[in-house]
Every structure is written in C-alpha cells, then in structure tokens.
There are 2 protein chains.
Amino acid sequence: MERITAKYYIETPLDLEKSAAVLAGEQSSGTFIAVPGETEELKQRFAARVEKITVLDTADEPAIPGVLVSGGKYQRAMIEVSWSIENFGYNLPVMVSTLQGNLYELTQFTGLKLMDIELPPSFATAFRGPVFGIEGCRKLTGVYDRPLIGTIIKPSIGMSPEQTAELVGTLAAAGIDFIKDDELLGSSANSAFDKRVDAVMEVINRQADRSGKKVMYAFNISDDIDQMQHNYEKIVNTGGTSAMISLNSVGLSGVKKIADMGALAIHGHRNGWGMLNRHPLLGIEFPAYQQLWRLAGVDQIHVNGIQNKFWESDDSVVRSIEACYRPMFGGYSVLPVVSSGQWGGQAPETYRRIQSVDLLYMAGGGIMAHPDGPAGGVIAMQQAWQAAVDGLSIAEAAVKYPEFGHSVTVFGKK
Amino acid sequence: MERITAKYYIETPLDLEKSAAVLAGEQSSGTFIAVPGETEELKQRFAARVEKITVLDTADEPAIPGVLVSGGKYQRAMIEVSWSIENFGYNLPVMVSTLQGNLYELTQFTGLKLMDIELPPSFATAFRGPVFGIEGCRKLTGVYDRPLIGTIIKPSIGMSPEQTAELVGTLAAAGIDFIKDDELLGSSANSAFDKRVDAVMEVINRQADRSGKKVMYAFNISDDIDQMQHNYEKIVNTGGTSAMISLNSVGLSGVKKIADMGALAIHGHRNGWGMLNRHPLLGIEFPAYQQLWRLAGVDQIHVNGIQNKFWESDDSVVRSIEACYRPMFGGYSVLPVVSSGQWGGQAPETYRRIQSVDLLYMAGGGIMAHPDGPAGGVIAMQQAWQAAVDGLSIAEAAVKYPEFGHSVTVFGKK
C-alpha cells in the first residue's frame, strides 16, 4: 500500500525515540482502547510509522519558550514519519490535519517544523494540479526564453478603476508581461471589483488588439466562495487570463474549488507566510507548503527574492525556487514568483544560483520610478536578465545596456 | 466611517513609532507613487492609522532568531492599528490579508503577534454568524443548566462503521450528549464517510425514538467544497444535527460556505493551532482567532482544557473560554469545547475560574475507561459539574457521589 512521508525538524528535552513515537501515535491510531473485533493487523494498517531519526545538535535553551520540562539539553533531530494512504485517501484537509495538526501541541517537543513531504504516484491521477504551470503561463503571455517581467499596482489601495486602468495602459505600452492587484485590494469603496476588471481589461484588450501581446493581469478575487466564482467568471468574460488568490486567507478547500474551474492561471499569494515560517523551529518550510498548493491547482506561487526587503535569507529563497522546479509526479509545474525589493540588479545573482529563467520576476519602483519612465524600466529588467544569462557582471551590463545602466545609477545605491 | 482595530504584541530593535508606522504603511497605502488625480484626502481615507502604543519591557535577545539588525535592546510593546471599513468591506479573506498578511515579514519586527481585533457594528448585518451557538446546541441536545458532556471516538482511525456504531450505541445508552469523529478520520479505507453516517445515525435515531434524547454526533466532513456539501447533506438526510470541520485545514472561505448552509451545528476543530499560537511573540492569540470563525458561522470551537495534556497553560485556556463568552454585536454566541486530558477532576477548577456551565466538556478515557463502564463515566462527569457548581472540593465530591469517587480513584493519580 502506498505511503505518505513527512520530514520534521524537531527539538525535545526528552527521549528522542519515545517522543517521535508519541508523535506517530497521536497522529494515527494513538490511544488504543480495546474494541471488540480489533486486530493487530488493523492497528498495523493505520498506525503511523517512524521511518528515520537523524540526530543533530543540542541546545541549552528551548527553541520555543514556555516549555514545562526544563533543565538539561534540548536535542534537535530530523525525523521522518509515514502514513498509509488508506488513512485519508485524497482528502487534502484531512491530510493536512494529519501532517500538521495536533502534533504542534505536544509537550514532548520544544520545537517542530514540517520540512518536506513525499507523496505517492497515485496522487497524480487524483489531483489535476496546475492547469497552466510554467509552460501555460508562457503561452498565455507569449514570453519565452526569459523571465516574465511583472509589477504590482501601487499604491496598494486608494486608486479608482480609471486611475488603475490608466496606469495599466502606461505599463502595457511599456511592454510589461504581467501586472497584479495588491493583496490588500479586493473590492474597496472606490474600486469595486467588477468596475476595475472592466476598466483594466478594456485597456489590456485594446493594447492586445494593436500589438498582439496580451498583458496578464492577476485580479485579486479572494473572497467568499460564491463571490470568488462570480469574480472569476467576470475575468473570464472580459478576456482576462489570471486570478490571484491569497492562499492562507482563503484556505486550501476554497483555493482548490476555484482552481478546479480551470480557465484562468491562478496566481498564489502567500501573505501571512511569515507567521507560518519565520521561526526556524515552528511551522512549515516551503518545500512542503508549495506541494499542497500545487495539488490544489495553483499555477504561480510567491517565493520572495534575492536580497529582498523582508527578513528572508537568500538561501531560503533559493531553496524555495528549487522546490518549485522539483517535478511532482513528472509534472505539476508551478511558476515561482520573485518579488520584494527587486529592480534587475539581483538578476545576475539570482541566475547564478538557480540557473533558470523560469520565473515571474516582479519589480515595483524598479519599473515605475525608472529615470527613463516605465518603458525604460521594463527594458532594463529584460536587459538585466539577458546580461545575467550571458554571465555579465552588473558593472559590465551597465556599460552594455543604457537603460539597465540608468537603473544601476538610481537603484544601485541601496 | 467605521474602522476595524487590531492589537499587536510586537518586539523591535528599532525606533518603536517608526516601526509601527511602517506596519501601518505596508498594510495600506504604503509606498505612494504620485498618481494623477490622487489627493491627500484619498490617502487619508485608506491609510491605516497607528492608534496607540503601549511600551512594555525590553529583551536582550530577539524573540525570533535570525534577525538582521543586532546589538542593543529589543523593545516590546502593545500597538493598536486601525483601518477604515472602506478598505475591504465585508470580505473576510482580504481582511485577514490586511490584518495578518505581509506584516509578519517585516524586518522591523523580531516578534509580532495579533492579540485581538475589534469589529464595527455593521458586521452584525453583513454576517449571519453562528446559526446555533450556545442556546441552539442546548436545544438540539436537550441539555440545560450543565455542560454538554461529550467524547471522541477512539482509536482515532481504524474502526469500521459497524464498530463505531456499536460504540456509539454504548455511549448513547450511557446518557452521553455529544460524540465526535477524530479529526484524523474523514473517509478512511475501512470507514467510508457515508457508511459511517448510516451506521451511526441508525443507532442514534433508534436510541432517540426510545428515550426522546438525540445524541449530537459531529461527523468530520472536512474535504473539498463539493464533497463537504455532499457530506453535509448526508448528515441532514439521516437526521444528524452536527458537522465537524478542521478550521485551519479547510480555511476561512470553505468553512463559511458550509456554515452558511445553516442546517447543522458546526463543530470547529482548531488542529494546527499550536503552529499559529505556541510562540509567545509570533502568530495569533485566540481572542482574535475565534472572532474570525464566529463571523464564518462556527457554533462550537475548541479551547483545550484546564490541566490539559498539551503545552497550553491554564491562564491561556481561561482567556480563550472568556473570549468565547464575549458577545459579538450582542450575540454571535459560540460554545467553547473543552478537551484534552479531561476526566471530571478539572471541573471544580474550571468552574472556579470561568463561573459558567456553558461548555461542551469532552473526555475520552474519563468516560470509556471508567471502572463502572461508560455509563458510570458519563454520570461521573455530570456529578463533577454539579459538585463544581455547588462549590464542593474534589475530595468532598468523591465522598458524596460514588461514580465520581471511582473516577478519582482511577484518574486522580496523574
């Protein structure tokens, strides 16, 4: 029978093997009460198994304060636990409750983080996964052999549909591939969702008729299920190609319901991620997280960026991008969305580390505040990536490409 | 214009006021780019406001490791930030993205926890909230003037529908008020959801016909939206009165969609809570959390229990129960679900601290492993609560009530 395996980074002041066994017990057939007809075979069938324990270092203080058991050392380890697929089948929420449920409450652990999961091949037929993924998003935008260049409408909130459309017109004329709503904007008092879609898509469609290039705009449809379905249809009916959902705020069942509609590329925004990930020994790591959303059908997912303005390290960002490139069941492709403080200057380092141009590369100020205007900003971003692939340094690229050179002058000081 | 206020417990190595201002900016109209037609008035309309800063203690080390800015002290504070309702209206996911989104990523903070939220009166008309709440759950079970006594089917997973039904029959005959599936069991290989509902409801309905008392069984419907709707209808069609949902695993939009169906009491399981709450300076506190789920329509919500087997302190449990009793808009009642290592011995202390019997009080071993059998276990729990309300000590209650006395003999050692 197929099994699902989860890897946890844990810390415990108690016996390591016993603590791992408590986790496995609590998350499966744990507290057995004698029941008539219950056999050892049945227990074996549904019990979680501790597959592997890799002992790591010890700490003098618990990773999470407030631990009841104190004194002595806190042992860290990587443990692997597996469950039979018979426990929950292809039910994503019950799988999550099994892999990420009450185990965080156990006093046996002073730290616990879900690092990765390994799913069996039969998941490939049970879940459709991303309908578009990397290839589909390239086809929708007509962009090949370089990253998709994108930007976010700012200010996040406060602009009218008309102002938004005007800005979209400027960006579309500048040659941008992708634009998105901010996650703070759904349907605000002065920018009702439907009106914004109408205004923006009119501009995008007009530009597409002229140039043959249709900008992908990810409208933030996050809302109740019925309203998201309405919003989704609105985008489809006006010729849009993408919908954005705040994954953590909407939740797994809601996202899957919408992604299953299958007509739009789903832009997965992971706001709230810091709460789930920022502590090194609590929560979930991206290699596990992104698999759940690929199963739910997300086509694009945020990964932060190299030298970002947030707290996340470059190593963590690289691990996240690589996790997106890891095929699931030979496919289930998802496009990593690089953003946060990007302006093109990070392109060489990003390419050096990931050796791929399969990215949606987003810049805000790097495009809008470019000294040559937004068109210069978009060109500079494309140049940055060409230079990166050609192995040029930032200084060499600045000499070769005038627009990128101007970026370096303005944004390279920080 | 109405405003929504959120209270955060924060820690920062930087200037406190500036850091709070960054949070407010990032989560509203933050990075303003000059846009034609944009006025100061418009900015004021949508900008988040820092309403209050209460300076607390300092720490020598950051609450969350890995901070970039080091050296010096880490200042802790309680801050209040408000947003106009015009920013997101009655859109729960966008509200969550605003209150709990990218702010956790800010390098300004070495700790950030959402402590509480205050919602304006108009939310009362925009959201139906819990259809049943405390009074509705009492009516459905016919239990007044004492806590509802409940239990969880164990082993969590592995029993067939027939075995489950047999156990339910025993518990129903014993006079139990409430039974629930474990959160690890949705539809397993040997306990398909529909078959379990058929088997269990046949027993419950038969017992109800005989005794006039219908046990409330919370079937775990957590799954995809469509499947949850199917599961829900199955329960309704067989005469069931409750459905359980794993809140964090299904997500806000999915839970609201199901709760809006309005025919069953929604039992909200918060597994995964430790991940969101266990660190004192990361995540969310229950007074904020439970409000989101009441808006979504959850009738019962888990709060752990006094002297529980998990990591949570009694003070935290009491705060959670009190948060459930806080009326929202004069109503929106939700029944706190007390569980984890309960056997009746905690009743006096629980009552002493909360001064209420409006609880669903759950015990596993305390009922099933009672020396007089499950019927003795159920009676002992009722006795424990009568004694608690009458102000008896455990020792006094053990003398007065034989079944509770036997509980003390067996479970009182721990």
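Thresholds applied
For every chain, the first residue of its written sequence is number 1, and the numbers climb from 1 along that sequence. Labels follow written order: the first chain is A, the first ligand is 1, and so on. Thresholds applied to this predicted model are a pLDDT of at least 70 for local features of residues and 80 or more for the giving and counting of side-chain atom pairs; totals over whole chains, interfaces and linings are not thresholded and use all residues. Side-chain descriptors were evaluated using all non-hydrogen atoms of the structure, hydrogens and water having been removed beforehand. UniProt positions are given in the numbering used here, feature names are shortened, and annotations may be inferred rather than shown by experiment. Numbering of helices and strands starts at the N terminus; helices are DSSP runs of H or I of at least 4 residues and strands are runs of E of at least 2. All radius of gyration figures rest on C-alpha atoms, and the globule criterion is 2.2 Å times the number of residues raised to 0.38. Throughout, exposure labels follow a simple rule: accessible area from a 1.4 Å probe, protein chains only, divided by the maximum for the residue type, with under 20% read as buried, over 50% as exposed, and the rest as partly exposed. What makes two residues a contact is simply this: any of their non-hydrogen atoms within 4.5 Å. For every accessible area listed, the method is Shrake-Rupley and the probe measures 1.4 Å; residues are considered covered only by the protein chains on display. Charged residues are defined narrowly, with Lys and Arg counted positive, Asp and Glu counted negative, and His plus the chain ends left uncounted. Where a charge lies is defined by one atom per residue type: Lys uses NZ, Arg uses CZ, Asp uses CG and Glu uses CD. For this analysis, a ring pair means two rings from Phe, Tyr or Trp (six-membered ring only for Trp) whose centres lie within 6.5 Å, classed as stacked if their planes differ by under 30 degrees, edge-to-face if by over 60, and tilted for the remaining angles. For the purposes of this section, nonpolar cores are sets of buried Ala, Val, Leu, Ile, Met, Phe, Trp, Tyr and Cys residues that join through side-chain atoms within 4.5 Å. Counting of polar contacts relies on pairs of N or O atoms within 3.5 Å, with two restrictions inside protein: one atom must be capable of donating a hydrogen and the other of accepting it, and residues adjacent in sequence are counted only when both atoms are side-chain atoms. With a 1 Å grid laid over protein atoms only, a set of points is called a cavity when a 1.4 Å probe fits there but cannot get out and a pocket when it is open yet has protein on both sides within 12 Å along at least five of seven lines; lining residues have an atom within 4 Å of a point. Grid points are joined across faces, edges and corners, and a volume is the space filled by probe spheres set on the points. Any residue that is not Ala, Val, Leu, Ile, Met, Phe, Trp, Tyr, Cys, Pro, Asp, Glu, Lys or Arg is counted as polar, Gly included; the first ten are nonpolar and the last four charged. A least-squares superposition brings the copies together, and it is based on the C-alpha atoms of residues with pLDDT no lower than 70 in both. A residue's pLDDT is the predictor's confidence in that residue, given on a scale from 0 to 100.

By the naming in an unreviewed UniProt entry, chain A is Ribulose-bisphosphate carboxylase large chain, taken from Pedobacter africanus. Check the Cofactor (unreviewed entry) section of the UniProt entry for chain A; it says "Mg(2+)". The annotation that UniProt attaches to chain A under Sequence similarities (unreviewed entry) is "Belongs to the RuBisCO large chain family."

Here we come to the overall build of chain A. Helix and strand counts for chain A come out as 18 helices and 13 strands. In terms of C-alpha radius of gyration, chain A reaches 24 Å, essentially the compact-globule figure of 22 Å for 414 residues. Taken along the three principal axes of its C-alpha coordinates, chain A extends 75 × 45 × 40 Å. Counting every position in chain A, which comprises 414 residues, the buried fraction comes to 64%. Residue pairs at least 24 apart in sequence account for 76% of intrachain contacts in chain A once pairs closer than 6 positions are excluded. Carbon together with sulfur atoms contributes 52% to the accessible area of chain A, which is approximately 14100 Å² in total. Across chain A, 36 positive and 46 negative side-chain charges occur, with their mean positions spaced 3 Å apart.

In the numbering used here, UniProt assigns the "domain: Ribulose bisphosphate carboxylase large subunit C-terminal" (unreviewed entry) feature to residues 133–410 of chain A. Structurally, residues 133–410 of chain A is divided into 50% helix and 13% strand, and its ends, taken at the C-alpha atoms, are 34 Å apart.

Attention now moves to the packing of aromatic side chains. Tallied over the entire structure, the rule returns 28 aromatic pairs over all chains. Look at B:Trp343 and B:Phe404: their rings are 6.1 Å apart centre to centre, the planes differ by 10°, and that puts the pair in the stacked class. In this pair, B:Trp343 sits in the loop between strand E12 (335–338) and helix H14 (347–354) while B:Phe404 sits in helix H18 (residues 402–411), placing the two residues 61 residues apart along the sequence. Accessibility expressed as a relative area gives 0% for B:Phe404, which makes it buried. Each residue in the set A:Trp273, A:Phe286, A:Tyr289 and A:Trp293 is aromatic and connected to the rest through ring pairs, giving one cluster.

The next subject is the nonpolar core. One finds A:Tyr8, A:Met95, B:Tyr8 and B:Met95 to be the most contacted residues of the largest nonpolar core, which totals 228 residues. Leave out the neighbours within four places in its chain, and A:Met95 touches A:Phe88, A:Ile117, A:Leu119, A:Phe123, A:Leu292 and A:Leu295.

Here we come to the side chain of A:Ser84. Inspection of the secondary structure puts A:Ser84 in strand E3 (residues 74–84). Of note is the side chain of A:Ser84, whose polar atom sits 2.9 Å from the backbone nitrogen of A:Glu86.

Here the focus is empty space enclosed by the protein. Under the defined criterion, the tally for this structure stands at 11 cavities of 30 Å³ or more. Considered as a void within the structure, the largest cavity measures approximately 580 Å³ in volume. Of all the secondary structure elements, the ones that give two or more residues to the lining of the largest cavity are helix H3 (92–100), helix H9 (247–250), helix H11 (273–277) and helix H12 (286–296) of chain A together with helix H3 (92–100), helix H9 (247–250), helix H11 (273–277) and helix H12 (286–296) of chain B. A class-by-class count of the residues in the lining of the largest cavity yields 18 nonpolar, 12 polar and no charged.

This paragraph deals with the side chain of B:Gln27. Its location among the elements puts B:Gln27 in the loop between helix H1 (16–26) and helix H2 (40–46). Accessibility expressed as a relative area gives 1% for B:Gln27, which makes it buried. One polar contact links the side chain of B:Gln27 to the main-chain carbonyl oxygen of B:Thr98, over a distance of 2.9 Å. In contact with B:Gln27, not counting residues within four places along its chain, are A:Leu184, B:Trp83, B:Ser97, B:Thr98, B:Gly101, B:Asn102 and B:Leu103.

To continue, consider the relation of the copies chain B and chain A. Superposing chain B onto chain A requires a rotation of 180° together with a translation of 0.0 Å along the rotation axis, leaving an RMSD of 0.0 Å. One copy is carried onto the other by what is essentially a two-fold rotation axis. For chain B, the residue whose C-alpha comes nearest the rotation axis is B:Gly251, separated from it by 1.8 Å. A shared interface surface links the copies, since 100% of the contact residues of chain B are contact residues in chain A too.

Looking at chain A as a whole, its pLDDT mean stands at 94, while 96% of the residues score no less than 70. Scored by ipTM, the complex comes to 0.97, with pTM at 0.97.

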